[in-house]
There are 2 protein chains.
Amino acid sequence: MKNIYFTAGPAELNPKFEEFMRQAIDEQIGSISHRSGQFRKIYQHCVENLRTLMNIPASSGIFFTGSASEVWERILLNLVEHESFHLVNGSFSDKFYKYAVSAQKFAHKFEKPIGEGFSYGEIEVPEYAELICVTQNETSTGVQMREADIHKLKRSNQKRLMAVDMVSSAPIPELDLDLIDTAFFSVQKAFGLPAGLGVWIANEKCLEKAKRLAKYDGVTIGAHHNLPVLWKNYETYETPATPNVLGIYLLGKVAEEMNKTGIETIRKETDEKAKKIYKYLETSNLCSIAVKNPEHRSKTVVVADTKKSSKGIIEALKEKNMIVGSGYGPNKDTQIRISNFPSNTMEQIDMLIAALKAME
Amino acid sequence: MKNIYFTAGPAELNPKFEEFMRQAIDEQIGSISHRSGQFRKIYQHCVENLRTLMNIPASSGIFFTGSASEVWERILLNLVEHESFHLVNGSFSDKFYKYAVSAQKFAHKFEKPIGEGFSYGEIEVPEYAELICVTQNETSTGVQMREADIHKLKRSNQKRLMAVDMVSSAPIPELDLDLIDTAFFSVQKAFGLPAGLGVWIANEKCLEKAKRLAKYDGVTIGAHHNLPVLWKNYETYETPATPNVLGIYLLGKVAEEMNKTGIETIRKETDEKAKKIYKYLETSNLCSIAVKNPEHRSKTVVVADTKKSSKGIIEALKEKNMIVGSGYGPNKDTQIRISNFPSNTMEQIDMLIAALKAME
């Protein structure tokens, strides 16, 4: 019997994954040259469908990397000469901050305890910060930052660049990518695909900054996947190095499928499923909602405090072929994490809630 | 009708690719956590099979990246404080050199014209070079450097580190990885898998150097996939970021399959097929061997000068469902490139030669 994955990524695969993989095998996608017209069409198809799905402006470039973690480094090298500013409230936003330190940038952070989020009004951006780094959905804690707060933060910082980590939420948040300078995600979360592909969206202001930094003495924008080289190749739907061609093909297919359903429908379903999970957790004897402020609760990764060790719950669900994640880091034994991605159907969510209820 | 790919990568897939992919789908490899015991077993299985196949010492670490190009940068950041030295005789060895320049290293090169290779006796390593960068098989020109020459070069430079690019030849060359400090390849060449995974092998001397450089002011070993972090994770068969889990699974399966055949047999077959292609080219009226020195002719990527435009030959072969590559860069119209990877069977090579003969 197959498992149902409610894990925050790698995650339950898109219901059409096998069909798309079968098509890829039939079309010999694993063998085609990344310098061929066939590949350029695959890149273009993927980009066009992502643009529709996420309302990405035509003037922004869309690039492929090995992972979203790679994008953290590329953003810091290409967009920051001296200072970055990070909103940190969990392991992944902290990793973004630590990448900045390793890249020898002067990195500022505004840190919140685990389970807490950020609202616009409380954020003071350091005077010389060139880049504001926001993690829209903190996968480790199930905390999200609302789109409206992110938009206000950018509007009041027009002269700085803003980067938004959408790793475990894209394409669900209604982020204004006309306003935000750069954003990125990986495919093994809400897109329901195997890991091994990061997607980086950046506007022309990012490109200008990278080109300017490349001319400065003592600053490196990196040799591999730097923004000017990625952009130049992207203009003809090519890549500087051999990319994960199969991954790009599959992402294009999934994005196309999502566009057929319509992003509004997907967002509405995500909201409904999230409400159902949180509603159950409000009255559960087994676990409770970890994120106290309803405005900061993630729609795609629900974190619950468990009243006994999370291990027992995880194992009991596994016996019923349902896989949920443990808490992250220090909360491994006291929390569970439940994905609410588009591949997790309402029927699956109902089954999970029923299984949790049966354990009470 | 399916195409047969004689391209230098992406290339003809391993004959068992579909079977292994089917197994991966059945085992839900696309959904499993990269922090699970199941993933650690996949990493370990892959590493153990690569170790057997390529005779990699137990003391060396084996790591996964998004591509071999990524490894170029990681090697330069982690193993070079000031100066690197590059043997350049084509587009890919030149890119390795240019990555060093972009990474702001003082990069020396010894350059040869297209189609020429390097022998040990003629190489003078600059006095302060910390790292010697050798491209064992230059994919753009079909020139290889013999294992014995590489070994002599390292033996006479014991105090420097040596990096060998085996991108389009691994696991065919009999390189002494006890002697060579670091080597790397990608999976879409001789392993016959879809692109999206680089493999980096490094010994403890590399780790020591990276750790030393990390302590120096003004030197960065990189934030993403730096060697100490990759190594620490590797010790428990983990990865710092979510890797291409499916790619690692498939590589382990292909390496296991190659071990069943035995590397000696695979090398012998590669030799026999290469001899057959070169023998045909010696007397062909259509094309001739591009690499004049027999000792420098690649066993895995055969490059031929075409007597008329390569385009006609490539298109005529395509009509027979055989895909060969054009020349690289400036030689696009005057050369063809033919892969001789383990996935290209003797039967396929015979078909290709017959088709070329029929065109004469």
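Everything quoted here is computed from the prediction, not taken from an experiment.

Engineer: Got a sec to walk through the overall build of chain A? Specific residues and values, please.
Structural biologist: From N to C terminus, chain A includes eleven helices and 14 strands. Summarising its shape, the C-alpha atoms of chain A cover approximately 60 × 55 × 30 Å along the three principal directions. For chain A, with 360 residues in total, the buried portion stands at 66%. The contacts of chain A with a sequence gap of at least 6 include a subset with a gap of at least 24, amounting to 70%. Accessible surface for chain A amounts to roughly 13500 Å². Of this, 50% is attributable to carbon and sulfur atoms. On chain A, the mean spot of the 45 positive side-chain charges and the mean spot of the 45 negative ones are 1 Å from each other.

Engineer: Requested: an account of the interface of chain A and chain B, with residues and values cited.
Structural biologist: In this assembly, 50 residues from chain A lie in contact with 50 residues from chain B. The largest share of the area that chain A buries against chain B comes from Gln 28, Ser 31 and His 224 of chain A, three residues that together contribute 15% of it. At the surface where chain A touches chain B, the tally comes to four salt bridges. A salt bridge links Arg 22 of chain A to Glu 18 of chain B; the nearest nitrogen and oxygen atoms lie 3.2 Å apart. Our count for the contact surface shared by chain A and chain B stands at 20 residue pairs in polar contact (both at pLDDT 80 or more). Among the secondary structure elements, those contributing two or more residues to the side of chain A that touches chain B are α1 (17-26), α3 (68-79), α4 (91-102) and α8 (245-261) of chain A. Residue contributions to the side of chain A that touches chain B peak at six residues, all from α1 of chain A. Taken together, the residues that form the side of chain A that touches chain B break down as 21 nonpolar, 20 polar and nine charged.

Engineer: Mind laying out the side chain of Asn 233 of chain A, listing which residues take part and the relevant values?
Structural biologist: All names here are of chain A. Mapped onto the fold, Asn 233 is located in helix α7 (residues 227-234). The exposure class of Asn 233 is buried, given its relative accessible area of 17%. With residues up to four places along the chain from it excluded, the contact list for Asn 233 reads Arg 35, Glu 238, Thr 239 and Pro 240.

Engineer: I'd like a description of the relation of the copies chain A and chain B, backed by residues and values.
Structural biologist: Mapping chain A onto chain B is achieved by rotating through 180° and translating by 0.0 Å along the same axis, at an RMSD of 0.0 Å. In symmetry terms, the pair is related by a two-fold rotation axis. If distances are taken from each C-alpha of chain A to the rotation axis, the shortest is found for Gly 66 of chain A, at 2.2 Å. Mapped onto chain B, 100% of the interface residues of chain A again fall at the interface, so both copies present the same surface.

Engineer: Would you mind going over the pattern of salt bridges in detail, with residue names and values included?
Structural biologist: Applying the stated criterion across every chain yields a total of 45 salt bridges over all chains. With a shortest N-O distance of 2.6 Å, Lys 154 of chain A and Asp 181 of chain A are connected by a salt bridge. Placement of Lys 154 of chain A in helix α5 (residues 147-155) and of Asp 181 of chain A in the loop between β8 (161-165) and β9 (182-186) is noted, with a sequence separation of 27 residues between them. According to the relative accessible area criterion, Lys 154 of chain A is buried, its value standing at 1%. In this structure, the salt-bridge partner of Asp 350 of chain B is Lys 276 of chain B, at a minimum N-O distance of 2.8 Å. Taken as a pair, Asp 350 of chain B in helix α11 (residues 346-359) and Lys 276 of chain B in helix α9 (residues 263-283) lie far apart in primary sequence, 74 residues in all. The partly exposed category is assigned to Asp 350 of chain B, whose relative accessible area is 32%. By relative accessible area, which is 34% here, Lys 276 of chain B ends up partly exposed.

Engineer: Account for helix α11 (residues 346-359) of chain A, naming residues and giving values.
Structural biologist: The end-to-end C-alpha separation of α11 of chain A is 20 Å, in line with the 20 Å expected for 14 residues at 1.5 Å each. Residues of α11 of chain A that are buried in the fold lie against β1 (4-6), α9 (263-283), α10 (310-319), β13 (322-326) and β14 (335-339) of chain A.

Engineer: Please set out the domain arrangement of chain A residue by residue, giving values where relevant.
Structural biologist: All names here are of chain A. Assigned domains of chain A: these are domain 1 (4-11 + 263-359) and domain 2 (17-260). Distance between the C-alpha centres of domain 1 and domain 2: 26 Å. Contact with domain 1, which involves 26 residues of that partner, is made by 28 residues of domain 2. Ranking the residues of domain 1 by area buried against domain 2 places Arg 267, His 296 and Tyr 328 at the top, with a combined share of 28%.

Engineer: Before we move on, can you summarise the UniProt feature "domain: Aminotransferase class V" (unreviewed entry) in chain A with the specific residues and values?
Structural biologist: According to UniProt, the feature "domain: Aminotransferase class V" (unreviewed entry) maps to residues 128-352 of chain A in the numbering used here. Summarising residues 128-352 of chain A: 37% helix, 19% strand, and an end-to-end C-alpha distance of 48 Å.

Engineer: Mind laying out the sheet that holds β1 of chain A, listing which residues take part and the relevant values?
Structural biologist: Residue and element names in this part refer to chain A. Pairing is mixed in the open sheet, where five strands are placed in the order β1-β13-β14-β12-β11. Looking at which strands have only one partner, the edges of the open sheet turn out to be β1 and β11 (287-289). The mean inter-strand angle of the sheet, taken between neighbouring strand axes irrespective of direction, is 35°. Helix-sheet contacts for α11 involve β1, β13 and β14, and the interaxial angle to β1 is about 80°.

Cut-offs and rules
- Along every chain, residues carry numbers that run from 1 in the direction the sequence is written.
- Chain labels run from A onward and ligand labels from 1 onward, assigned in the order the entries are written.
- The model is predicted, so local features are restricted to residues of pLDDT at least 70 and side-chain atom pairs to those at 80 or more, both for listing and for counting; the totals for chains, interfaces and linings are taken over all residues.
- To get the side-chain values, take all heavy atoms of the structure and skip hydrogens and water.
- The way it works is that DSSP assigns letters per residue, a run of H or I at least four long becomes a helix, a run of E at least two long becomes a strand, and they are numbered from the N terminus.
- Think of it in three bands: with a 1.4 Å probe and only protein chains considered, a residue is buried below 20% of the maximum accessible area for its type, exposed above 50%, and partly exposed in between.
- We call two residues in contact whenever any of their non-hydrogen atoms come within 4.5 Å of each other.
- Every accessible area reported is derived by Shrake-Rupley at a probe size of 1.4 Å, with residue values counting cover from the shown protein chains alone.
- In summary, the charge assignment counts Lys and Arg as positive and Asp and Glu as negative, without counting His or the chain termini.
- Where a charge lies is defined by one atom per residue type, namely NZ (Lys), CZ (Arg), CG (Asp) and CD (Glu).
- Reported buried area values correspond to the accessible surface (1.4 Å probe) lost by two parts on association, with both partners' losses combined.
- Definition used for salt bridges: Asp or Glu carboxyl oxygen within 4 Å of a side-chain nitrogen of Lys or Arg.
- Polar contact is the term for a pair of N or O atoms within 3.5 Å; when the atoms are in protein, one must be able to donate a hydrogen and the other to accept it, and sequence-neighboring residues count only if both atoms are side-chain atoms.
- Note on residue classes: Ala, Val, Leu, Ile, Met, Phe, Trp, Tyr, Cys and Pro are nonpolar, Asp, Glu, Lys and Arg are charged, and everything else, Gly too, is polar.
- Copy-to-copy superposition: least squares on the C-alpha atoms, limited to residues that have pLDDT of at least 70 in both copies.
- In a helix, the anticipated span is given by 1.5 Å times the number of residues less one.
- Marked domain ranges trace back to an automatic or database domain assignment.
- UniProt positions are given in the numbering used here, feature names are shortened, and annotations may be inferred rather than shown by experiment.
- Two strands make a pair as long as DSSP finds a minimum of two bridges between them.
- To obtain an axis, a line is fitted to C-alpha atoms, over the contacting stretch when the element is a helix, and the angle between two such axes runs from 0 to 180 degrees between their N-to-C directions.

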